[in-house]
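So the chains spell out like this:
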2 protein chains.
Amino acid sequence: VPVPQTYEQKLWYPYNLDFDFSVMAQFQNFSINNLGDPFIESNYGVHSRQFEVAVLDWFARLWDLQQDEYWGYITNCGTEGNLHGLLVGRELFPDGIIYASCESHYSVFKAARMYRVECVEIDTLVSGEMNCADFKSKLSQNPGRPAIVNVNIGTTVKGAIDDLDRIIRTLEKCGFRDRFYIHCDGALAGLMMPFIKQAPKVTFKKPIGSVSVSGHKFMGCPVPCGVVITRLEHVKVLSTDIEYLSSRDATIMGSRNGHAPMFLWYTLNKKGYRGIRKEVQKCLRNAHHLANRLREAGVSAYLNELSSTVVFERPHDEAFVHKWQLACEGSIAHVVVMPNVSVEKLNNFVEELIGERPRWHEGGGFRVPCVAKDIGQENCLCGVHDKKLRVV
Amino acid sequence: VPVPQTYEQKLWYPYNLDFDFSVMAQFQNFSINNLGDPFIESNYGVHSRQFEVAVLDWFARLWDLQQDEYWGYITNCGTEGNLHGLLVGRELFPDGIIYASCESHYSVFKAARMYRVECVEIDTLVSGEMNCADFKSKLSQNPGRPAIVNVNIGTTVKGAIDDLDRIIRTLEKCGFRDRFYIHCDGALAGLMMPFIKQAPKVTFKKPIGSVSVSGHKFMGCPVPCGVVITRLEHVKVLSTDIEYLSSRDATIMGSRNGHAPMFLWYTLNKKGYRGIRKEVQKCLRNAHHLANRLREAGVSAYLNELSSTVVFERPHDEAFVHKWQLACEGSIAHVVVMPNVSVEKLNNFVEELIGERPRWHEGGGFRVPCVAKDIGQENCLCGVHDKKLRVV
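Residues numbered from 1 in each chain as written. Chains lettered and ligands numbered in written order. Predicted model: local features only at pLDDT ≥ 70, side-chain atom pairs only at ≥ 80, totals over all residues. Heavy atoms only, no water.

1. Some remarks on the overall build of chain A
A count of helical and extended segments in chain A gives eleven helices and 13 strands. Whereas a compact globule of 392 residues would reach a radius of gyration of roughly 21 Å, chain A reaches 22 Å, a difference of no more than 12%. Within chain A, buried positions represent 66% of all 392 residues. Nonlocal contacts in chain A, meaning residues at least 24 apart in sequence, comprise 69% of its contacts between residues at least 6 apart. When the accessible surface of chain A is split by element, carbon and sulfur atoms take 49% of a total near 14500 Å². Taking the average location of the 44 positive side-chain charges in chain A and that of its 44 negative ones, the two points are 4 Å from each other. (Helix = DSSP H or I, 4+ residues; strand = E, 2+ residues; numbered from the N terminus. Rg over C-alpha atoms; globule rule 2.2 N^0.38 Å. Buried < 20%, exposed > 50% of the residue type's maximum accessible area, 1.4 Å probe, protein only. Contact = heavy atoms within 4.5 Å. Areas by Shrake-Rupley, 256 points an atom, 1.4 Å probe, with all protein chains shown as cover. Lys, Arg positive; Asp, Glu negative; His and termini not counted. Charge placed at Lys NZ, Arg CZ, Asp CG, Glu CD.)

What follows is the structure, given as structure tokens:
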């Protein structure tokens, strides 16, 4: 088996690589399949439902839903959580329109297309957050049709947190009370927010319908997976009894990976609330360190207050981008600072970037590129926007 | 970790448990993720795309599609393959109707609902096969709308093979030439048919659009997965470029398990064509043995000619059903004879069934239940249908 050389090095992917792999050995000798509904014993005996339900209970508590009021399952990935949440929304409001900011994950737009639901894209602020003024204006164009809203708890590129409270207020002010469904896409940050004191709270005490989070991102599960939690009353709209399984079909997928719940269960138990909180704090601290180092070095950078995703000018060298496995979009790139990314690694990255950057532009006279459009004038260090003109 | 006691015993599930688990140890120490399109290198370095593409090439060859003419990916399960195939069908024929026999897998009906496509259920013959006379009559009720047809290469309960050639002829005779899309659901038997000489051939030389198969069934991959293959020209209708991944989105799920392709690749290489053929032959032989043993013992049983799924009267005892993990539907149960199910195990099963059966009916005078409705009069050994009256 070829060992990927870049395993230790990759910087941008929001995967926590601190997983204790020795534990996998204990779980590996069975073909484990959690098909059907996690809460209904099927007739296939080799499952890990008890682990799955324990993990789901943990998440339901985290988001303030009582044990007898929630339903959920462990998905194959973040996309499946979004597909499920938005499907529940559509089944509750067959005539609804999906509203999602243009910085939402691509699975949201895929869902709209799959489900044949009209989708209205909302503008974003420079931070990446949904622009609620634009949301209001677009809601008012379709006052008669219910709203299915995708709320980003951490956008993919900038890690921006949509303002859930303001979105709810906007819906209510625009006359959508009892005629909206909110799905919270918390892929990465959905598991970080609850551990940050000053963060807005994602909770089922607010009128939301579902929350999803990835298991292989902050949790560091070594196989792609996720968790979706919704209200028990909602899921009844889309479940079907399947006699030959002695179970019920309410999931998007059929057979489901039975190892993932064990990995998640193990991680939650090993780290606990306090362990996760410590990791979240470390990530935020290190992300601030990276953003500061970049700015000090004259690289335009932006970091949302509650995020560990540092956005900065796109390196103009494919080899550098490939080496550090940077994700790029337009004129920016980002680094997602995860628990396994150390300060030392971040420093090495910045040093290399600074050292190589002048060489990427032929003929010398390198000028800092303008990224004001992406991260705002106030964060741009280009010749026009920076107070002092920088020629490196 | 609790070791499931029933692991060795389960009879009905179509999972090949002969996997060489020692190989998992080699693959386990990485978080492997094949996100995006298998044929486009993304910027996440820890993937197993080279294995994935090798496996896909193998399946494309098996079903007669040239390397430059096919597209496909390794899915999370059989359901995802069906969801993908039917979505391609709908995107090609937005106004199409899904036709599927009533014995199709539940994921087909779930897809119709998710995708907001009208679904027409076709009657089946006693064997479980699609009734083409009924198909013809239902096609003629909607002559103006294209047909998206789900063809079962092995139904879930009876292992029946729909008659692909006759379905195509029916479509053409009814005036649907160039206005139909066929998805072949080959979950279990899709990998068995190519190795049986007298079996009808599933091939892209016929006008089919996609084929899907499960990886954890006949292939015995220890995590749920599957393969879907379609024509390259078709998939263009549903792919979107995703800049921040440097890849393209044409799959249903986003992040995809990177271990599954390695397990599949390993199994295909270890067993090869000849190894798989031997296993298929063994399964058919053992299934015939089981059906014969049951009939000799006075238990009504049915076995489709090209199947290893033995259908028989439902045991009237929940403890027995649970112990042997039998899947039941109405008045019948089934056993799927997989490579890891030995003749000895089958004999033990029959002996126990025969020994316990008289005790399941109070007051003595046990009569063989009638299952003519499910498996046909000619296969029913009840007092009315059997030539000689049996009182055990």
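There's plenty left to go through after this.
2. Some thoughts on the side chain of B:Asp134
Residue and element names in this part refer to chain B. Structurally, Asp134 can be placed in helix α5 (residues 132–139). Judged by its relative accessible area of 13%, Asp134 is buried. A polar contact is formed between the side chain of Asp134 and the backbone nitrogen of Asp123, at a distance of 2.8 Å. In this structure Asp134 touches Glu121, Ile122 and Asp123, once residues within four positions along its chain are discounted. (Polar contact = N/O pair within 3.5 Å; in protein donor to acceptor, adjacent residues only side chain to side chain.)

3. Considering the UniProt feature "modified residue: N6-(pyridoxal phosphate)lysine" (unreviewed entry) in chain A
Following the UniProt record, the feature "modified residue: N6-(pyridoxal phosphate)lysine" (unreviewed entry) maps to A:Lys217 here. For A:Lys217, a relative accessible area of 15% corresponds to the buried category. (UniProt positions renumbered as here; feature names shortened; annotations may be inferred.)

4. Comments concerning the sheet that holds strand β3 (residues 119–122) of chain B
The strands making up a sheet associate through hydrogen bonds between their backbones, and the pairing can be parallel or antiparallel. All names here are of chain B. Strand order in the open sheet formed by seven strands is β1-β7-β6-β5-β4-β2-β3, with mixed pairing between adjacent strands. Each edge of the open sheet carries a strand with a single partner, namely β1 (70–75) and β3. Between one strand axis and the next, the sheet turns through 15° on average, direction left out of account. As paired elements, strand β2 (residues 97–101) and strand β4 (residues 147–152) share four bridges and run parallel to each other. Across the sheet, residue Tyr99 finds its bridge partner in β4, namely Val149. Helix-sheet contacts for helix α2 (residues 49–62) involve β1, β6 (210–214) and β7 (226–231), and the interaxial angle to β1 is about 120°. Seen against the sheet, α5 touches β2, β3 and β4 and runs at an angle of roughly 150° to β3. (Pairing = 2+ DSSP bridges. Axes fitted to C-alpha atoms, helices over the stretch in contact; angles between N-to-C directions.)

5. As for helix α6 (residues 164–173) of chain A
Residues and elements named next belong to chain A. If you check which residues of α6 are buried, you get Leu164, Ile167, Ile168, Thr170 and Leu171. Along the axis of α6, the buried residues cluster in a sector spanning 160°; they form a single face. Lining the buried residues of α6 we find α5 (132–139), β4 (147–152) and β5 (180–185). Directly after α6, the chain includes Gly175, whose backbone phi takes a positive value near 85°. (Arc of directions from axis to C-beta.)

6. Remarks on the pairing of β4(A)
Residue and element names in this part refer to chain A. Burial of β4 is extensive: six of the six residues sit out of reach of the surface. Side chains Ala147, Val149 and Val151 project from β4 onto one buried face, and the interleaved Ile148, Asn150 and Asn152 project onto a second face that is buried too. Taken together, the six bridges between β4 and β5 define a ladder with parallel strand orientation. When the bridges of β5 are listed, Val151 appears paired with Cys184. In this view, the connection linking β4 to its parallel neighbour β5 by way of α6 has right-handed handedness. (Right-handed = clockwise from strand over helix to strand, strands pointing away.)

7. Side note on the environment of B:Gly254
Along the chain, B:Gly254 falls in the loop between β9 (247–249) and α8 (259–296). Under the relative-accessibility criterion, B:Gly254 is labelled buried at 3%. Residues B:Gly254 and B:Gly36, 218 residues apart in the sequence, show an inter-C-alpha distance of 6.4 Å. For B:Gly254, the contacting residues outside a window of four places in its chain are A:Cys77, A:Thr79, A:Tyr106, B:Leu35 and B:Gly36.

8. Quick notes on the pattern of salt bridges
For the structure shown, the criterion picks out 33 salt bridges over all chains. Residue B:Asp37 pairs with B:Arg248 through a salt bridge whose shortest N-O separation is 2.5 Å. You can see B:Asp37 sitting in the loop between α1 (24–27) and α2 and its partner B:Arg248 sitting in strand β9, a full 211 residues away along the chain. Among the salt bridges present, the one from B:Glu279 reaches B:Lys271, with a minimum N-O distance of 3.3 Å. A cluster of three or more residues bridged by salt bridges with shared partners is formed by A:Arg90, A:Glu91 and B:Arg113. (Salt bridge = Lys/Arg side-chain N within 4 Å of Asp/Glu carboxyl O.)

9. Re the layout of surface pockets
Counted as a void, the largest pocket has a volume near 610 Å³. Around the largest pocket, the lining comprises 34 residues; the ones closest to its centre are A:Ile242, B:Cys102, B:Ser104, B:Tyr106 and B:Phe109. Listed by contribution, the elements that provide at least two residues to the lining of the largest pocket are α3 (78–92) and β8 (240–242) of chain A together with α4 (106–114) and α11 (372–375) of chain B. Broken down by element, the lining of the largest pocket gets its largest block of residues, five residues, from α4(B). (1 Å grid on protein atoms, 1.4 Å probe; cavity = no way out; pocket = protein on both sides within 12 Å on 5 of 7 lines; lining within 4 Å. Points joined across faces, edges and corners; volume = space filled by probe spheres on them.)

10. Describing the sheet that holds strand β13 (residues 332–336) of chain A
All names here are of chain A. Reading across the sheet, the four strands line up as β10-β11-β13-β12 and stay open at both edges, with antiparallel pairing between neighbours. The open sheet has two edge strands with one neighbour each: β10 (301–303) and β12 (327–329). The average angle at which neighbouring strand axes cross in this sheet is 25°, direction not considered. The sheet contact formed by strand β11 (residues 309–313) and β13 spans five bridges and is antiparallel. The residue of β13 that forms the bridge with Val310 is Val335. Set on the sheet, helix α8 (residues 259–296) makes contact with β10, β11 and β13; between it and β10 the angle comes to about 160°.

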